[in-house]
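Analysis of the macromolecular model
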Amino acid sequence: MVKRKLEDLNLLDDFLFGSVVNYPEIGEKFIRELLHVIFGKDFGKLTVIPQKVYHGSDTDKHGARLDVYIEENYADESENTTTVYDVEPDKNVNDVSILPQRVRFYHAKIDARSLKSGESYCMLKKVVVILITPYDPFGLNRMIYTIRNKCDEVPTMPYDDGARTIFLYTKGTE
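Each value, and the rule that gives it
- Residues numbered from 1 in each chain as written.
- Predicted model: local features only at pLDDT ≥ 70, side-chain atom pairs only at ≥ 80, totals over all residues.
- Heavy atoms only, no water.
- Core = buried A, V, L, I, M, F, W, Y, C linked by side-chain atoms within 4.5 Å.
- Buried < 20%, exposed > 50% of the residue type's maximum accessible area, 1.4 Å probe, protein only.
- Helix = DSSP H or I, 4+ residues; strand = E, 2+ residues; numbered from the N terminus.
- Contact = heavy atoms within 4.5 Å.
- Axes fitted to C-alpha atoms, helices over the stretch in contact; angles between N-to-C directions.
- Parallel < 35°, antiparallel > 145°, perpendicular 65-115°, else oblique.
- Nonpolar A, V, L, I, M, F, W, Y, C, P; charged D, E, K, R; others polar.
- Pairing = 2+ DSSP bridges.

1. Quick word on the nonpolar core
Counting 22 residues, the largest nonpolar core has Ile31, Leu35, Ile70, Val87 and Ile130 as its most contacted members. Going through the elements one at a time, helix 1 (14-22), helix 2 (27-39), strand 2 (64-73), strand 3 (82-89), strand 4 (126-133) and strand 6 (163-169) are the ones with two or more residues in this core. Counting residues per element, this core draws most heavily on helix 2, which supplies five residues. Among residues more than four places away in sequence, those in contact with Val87 are Phe17, Leu34, Asp67, Val68, Ile70, Ile130 and Ile132. Leu66, Ile110, Val129 and Tyr145 belong to the second largest nonpolar core, which has 15 residues in total.

Okay, structure coming up:
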């Protein structure tokens, strides 16, 4: 691995992204601004955890390291109103074909740790996985691809399972 100068890095570099998010004075402010740019809204109470690790359920099971795990908590505690955001800068163009399976795995790992034993499924947290890439993951030159589950037979039928994936292509023009 070649050592690069700081001025040659951008926020998709693991070192710089991780350093910014971990820096106490600016980490949460940076995440708030990033989420504001993506969603066009301000966020209330956030808990920001850089480098959240979900170990495998056993020694032979795959785990996941989330670059930034964010929980947004709303005031209403009568029902679960927590949304989890996982922000993943990704420069690995070699793994484009497996991105859908990778984000499915991230959703599953986060979901598996969201419910306590005996809790109702309505307490399952909403999960948004955000991948920021310098490559076009789907070849359509879009800046943003938002993925949600739907019914194939009736695409207009409301179906919100609380899972969403957002792919941000930094060089997209559509």
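2. Topic: the packing of helix 1 against helix 2
With their axes 6 Å apart at the nearest point, helix 1 and helix 2 run at an angle of 110° to one another. In terms of orientation, helix 1 and helix 2 fall into the roughly perpendicular class. Together, Phe17, Val20 and Val21 of helix 1 and Gly27, Phe30 and Ile31 of helix 2 make up the contact between the two elements. Classifying every residue of the contact of helix 1 with helix 2 gives five nonpolar, one polar and no charged.

3. Quick look at unusual backbone geometry
Of note in this structure, Gln51 is not a glycine but carries a positive phi near 55°. Within the fold, Gln51 resides in strand 1 (residues 45-54). Phi at Asn141 is positive, roughly 60°, even though this residue is not glycine.

4. Description of the pairing of strand 3
Counting buried positions along strand 3 gives eight out of eight residues, so the element sits mostly inside the fold. Residues Thr82, Val84, Asp86 and Glu88 line one face of strand 3 and the alternating positions Thr83, Tyr85, Val87 and Pro89 line the opposite face, and both faces are buried. Strand direction decides the pairing type here: strand 2 and strand 3, joined by six bridges, are antiparallel. By the bridge assignment, Glu72 is partnered in strand 3 with Thr83.

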